[in-house]
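# Observations on chain architecture
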There are 2 protein chains.
Amino acid sequence: MKAAIIGTSGHIDLALEVRDRMPQLTFVGVAPGSADEDAREFYVDQLEASLIPFYDDYRRMLDRETPDLAVVAPFFFLQSRIAAECLERGIHVFVEKPMAVSLEQLERLRRAHAQGKAALCPMLSYRYHPAFHAAWRAIRDGLIGEPLLMSAQKSYKLGTRHPMYTHRATYGGTIPWVAIHAIDWIYWFSGGRLTEATAAHTQAGNRGHGEMESAGSCFYRLANGGSATVSFDYFRPGGAPTHGDDRVRVAGEKGIVEVVNGEAVLLAHDAAPRRLEKEEPLSLFQEFVRSIEEKTPLRISATEAFAITEIALRTREAADTRAPVSLRAAPAGTERTDGAGAVPLARSTGTPRAG
Amino acid sequence: MKAAIIGTSGHIDLALEVRDRMPQLTFVGVAPGSADEDAREFYVDQLEASLIPFYDDYRRMLDRETPDLAVVAPFFFLQSRIAAECLERGIHVFVEKPMAVSLEQLERLRRAHAQGKAALCPMLSYRYHPAFHAAWRAIRDGLIGEPLLMSAQKSYKLGTRHPMYTHRATYGGTIPWVAIHAIDWIYWFSGGRLTEATAAHTQAGNRGHGEMESAGSCFYRLANGGSATVSFDYFRPGGAPTHGDDRVRVAGEKGIVEVVNGEAVLLAHDAAPRRLEKEEPLSLFQEFVRSIEEKTPLRISATEAFAITEIALRTREAADTRAPVSLRAAPAGTERTDGAGAVPLARSTGTPRAG
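Now for a quick tour of the structure. Here the structure is a predicted model, which is why all the values come from computation and not from measurement. (Residues numbered from 1 in each chain as written. Chains lettered and ligands numbered in written order. Predicted model: local features only at pLDDT ≥ 70, side-chain atom pairs only at ≥ 80, totals over all residues. Heavy atoms only, no water.)

### Concerning the sheet that holds strand 1 (residues 2–6) of chain B
All names here are of chain B. Definition in use: The pairing criterion for strands is at least two bridges between them, as found by DSSP. Each helix corresponds to a stretch of at least 4 residues labelled H or I by DSSP, and each strand to a stretch of at least 2 residues labelled E; elements are numbered beginning at the N terminus. The axes are straight lines fitted to the C-alpha atoms, using for helices just the contacting stretch, and the angles between their N-to-C directions are given from 0 to 180°. By the convention used here, residues are in contact when the closest approach between their heavy atoms is within 4.5 Å.
Ordered in space as 2-1-3-4-5, the 5 strands form an open sheet in which the pairing is parallel. The sheet terminates laterally at strand 2 (26–31) and strand 5 (120–122), the two strands that pair on one side only. Direction aside, neighbouring strands of the sheet carry axes that sit 20° apart on average. Against the sheet, helix 3 (residues 58–65) engages strand 1 and strand 2, with an angle of about 175° to strand 1.

Spelled out as structure tokens, the structure:
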């Protein structure tokens, strides 16, 4: 299988780090997502020695190298357009999240994917993180009962970020970029049953990063009467031991499961607190390639990825407008045509070849 | 100073535990807050040996013993009425939270307090908890910069609770009873600058406790553009080492302060994480008595206690109605008269003698 890299602004390390374990995969080219993206610097630093060809123009690369798969990580606002272009050419796409920075972009990508020519997988990789997967397994196995209360945290170091981050138009916002992972957890743990979002975000304290939001909170109602909150920020001190401080806590009548510091712990009523056993780490990218080759399902389907991205974008809208936003799927046949966002959640989208 | 106890349904241990350290205080009587409250059982178990007289009727006790101070902890829905009655008699009041279970009750209590005859202090004791006070001090000293993001947790064991808890009318709700402490933290740490509440609560999983909410979430906008969330539940397993799992995390541009497991930890940009030094524990009740005797200010003023109680009641309304509720104080001279809640926040109320 031939793979190409388009853009180096996202986590293409997710794809590169497993190269040695994937003899069936050959990287056939690297190109920036746009002329103003300095992909060559990354290329020289990381890839030149591997003799992968560099292209200035990704379309020429796609024409010349005819890859089976593209790793798409340009400036964030270009992700959906380039991903759609690849899908329309029949090229499978591993795309940085958020898959789109507007609902309109997302709908165009959805239409491209619905043609059924190729598979699509976003870099929402937590379902393959051993601690998060252990928590999900505990919930699925009924160890906490019905999940009625969730709280999640994403805290990152700020550092000095590329100017792309400093404009909403190119970055998309911190809810779609950072909080989306916590939204993924809540979606996963609740079976997608989020019904309403309220949110706030602020640019205060962003240390010269223009329009980039430094912090905020999200609040969700769940269909089972429960609720969930997310706290997200770029305030993690530079000297902290890890880049991110990811946490989630899910409580139900029978117990509480929590992920902190990369470990999942279960507090059940009838037992002492115990650390949950974790599987070996799996690579989302490797599993994506396998799902293409063997038609095995991924833990995150394209349909779910569309729904999660849409929830992130609608949550951003809730924060921008300071008003609650409904997340309920429009009933079949009543798709909105008012232009305010015509995408019902979790709609079946053609034949998602990657599960 | 003579003290009487009215009702034994709340944390009167807060008053009793420091008796030995307060020679100036004599307990002169114990009475139930209502005929159906079994205060005698508590009396026999805890107080009979101390020769404190038991009364069936608290009014007769107040007439006969003429206490200077009353510890008021009847069924929750009676707290405001009995507290107001004591204040009107010129008796200082140490009252279980919430001070009232409706905005109308709260307004009547506010009027009674505004007569300026006696001091009022609610059992909102966290400002005297060493770890929480250490966190507040770090914030006050600017160690995290402007606090822009807060997340808080109150998690309690459920056990089997008195039927009083199973009716909204007698209990008031889990937001005013449990989440109010987290609201107190947010109010304290933000300088009272909460502007809007959104909330959810559920009765699911309450194990036969009728209308009592088992869990929920609150979301607040702050005047500085920041936000805060609260997670509260009765899902803490019976076997857990402590009754409650209290947590709060406050983040700003310069760092993050967090209270977990009774310790406060500061993550600052320019230093390794460090545990904050804690003062010796102080008793809210003892400080209240001292504030009456010496006119020293308490860390929580009656004005603040009214504001926090009102926020808790308005947050409950937000959860009941599933709609955001404004917490902004009405500008002076524009007090609402529509009966929907005429109490602007943080209004100065006469002469709060207890600070």
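### Describing the packing of aromatic side chains
All names here are of chain A. Note the threshold: Any Phe, Tyr or Trp ring, taking Trp's six-membered ring, that has another such ring centre within 6.5 Å forms a pair; planes under 30 degrees apart are called stacked, those over 60 apart edge-to-face, and the others tilted. Under the scheme applied here, a residue whose accessible area is under 20% of the maximum for its type counts as buried, over 50% as exposed, and between as partly exposed, the area being computed with a 1.4 Å probe on protein chains only. Working rule: Lys NZ or Arg CZ, within 6 Å of ring centre, within 35 degrees of ring normal, means a charge sits over the ring.
Inspection of the entire model under this criterion finds 29 aromatic pairs over all chains. Between Phe 94 and Phe 285 the ring centres are 5.0 Å apart and the planes differ by 50°, which places this aromatic pair in the tilted class. You can see Phe 94 sitting in strand 4 (residues 92–95) and its partner Phe 285 sitting in helix 9 (residues 284–294), a full 191 residues away along the chain. Here Phe 94 and Phe 285 have matching classes, each one buried. The ring centre of Trp 177 lies 3.3 Å from the NZ or CZ of Lys 97, which sits over that ring. Arg 161 extends its terminal NZ or CZ atom over the ring of Tyr 165, reaching a point 5.1 Å from the ring centre.

### As for the interface of chain A and chain B
Our working rule: Joining two parts hides part of their accessible area as seen by a 1.4 Å probe, and the buried area is that hidden amount summed over both. Within this document, salt bridges are pairs made up of a side-chain nitrogen of Lys or Arg and a carboxyl oxygen of Asp or Glu, the two lying within 4 Å of each other. As a working rule, the residues Ala, Val, Leu, Ile, Met, Phe, Trp, Tyr, Cys and Pro are called nonpolar, Asp, Glu, Lys and Arg charged, and the rest polar, with Gly in that last group.
With 47 residues of chain A at the contact, the number on the chain B side is 47 residues. Roughly 3800 Å² of surface becomes buried between chain A and chain B when both sides are summed, with 56% attributable to carbon and sulfur atoms. The interface formed by chain A and chain B holds 6 salt bridges in total. Measuring nitrogen to oxygen at the nearest pair gives 3.1 Å for the salt bridge that ties B:Asp233 to A:Arg249. Mapped by element, the contributors of at least two residues to the side of chain A that touches chain B are strand 6 (147–157), strand 7 (194–202), strand 8 (215–222), strand 9 (227–236), strand 10 (247–252), strand 11 (255–260) and strand 12 (263–268) of chain A. Per element, the largest residue contribution to the side of chain A that touches chain B is 8 residues, and it comes from strand 9 of chain A. Per-class residue counts for the side of chain A that touches chain B are 19 nonpolar, 17 polar and 11 charged.

### Here's the deal with the sheet that holds strand 1 (residues 2–6) of chain A
Residue and element names in this part refer to chain A. Here 5 strands make up an open sheet; going across it, the order is 2-1-3-4-5 and the pairing parallel. In the strand order of this sheet, the two ends are held by strand 2 (26–31) and strand 5 (120–122), each with one partner. Going across the sheet, the axis of each strand differs from the next one's by a mean of 20°, ignoring polarity. Sheet analysis places strand 3 (residues 69–72) next to strand 4, joined by 4 bridges and oriented parallel. Counterpart to Val 72 in the pairing with strand 4 is Val 95.

### Re the relation of the copies chain A and chain B
Applicable threshold: Fitting of the copies onto one another was done by least squares over C-alpha atoms, counting residues only where both copies have pLDDT of at least 70.
With an RMSD of 0.0 Å, the operation that places chain A on chain B is a rotation of 180° combined with a shift of 0.0 Å along the axis. This pairing of chains is accounted for by a two-fold axis. Both copies share a contact surface, since 100% of the interface residues of chain A are interface residues in chain B too.

### Points about the pairing of strand 1 of chain A
All names here are of chain A. Among the 5 residues that make up strand 1, 4 are buried, leaving the element largely enclosed by the rest of the structure. Pairing of strand 1 with strand 2 involves 5 bridges; the strand directions are parallel. Bridged to Lys 2 within strand 2 is Thr 26. Strand direction decides the pairing type here: strand 1 and strand 3, joined by 4 bridges, are parallel. Directly across from Ala 3, in strand 3, lies its bridge partner Leu 69.

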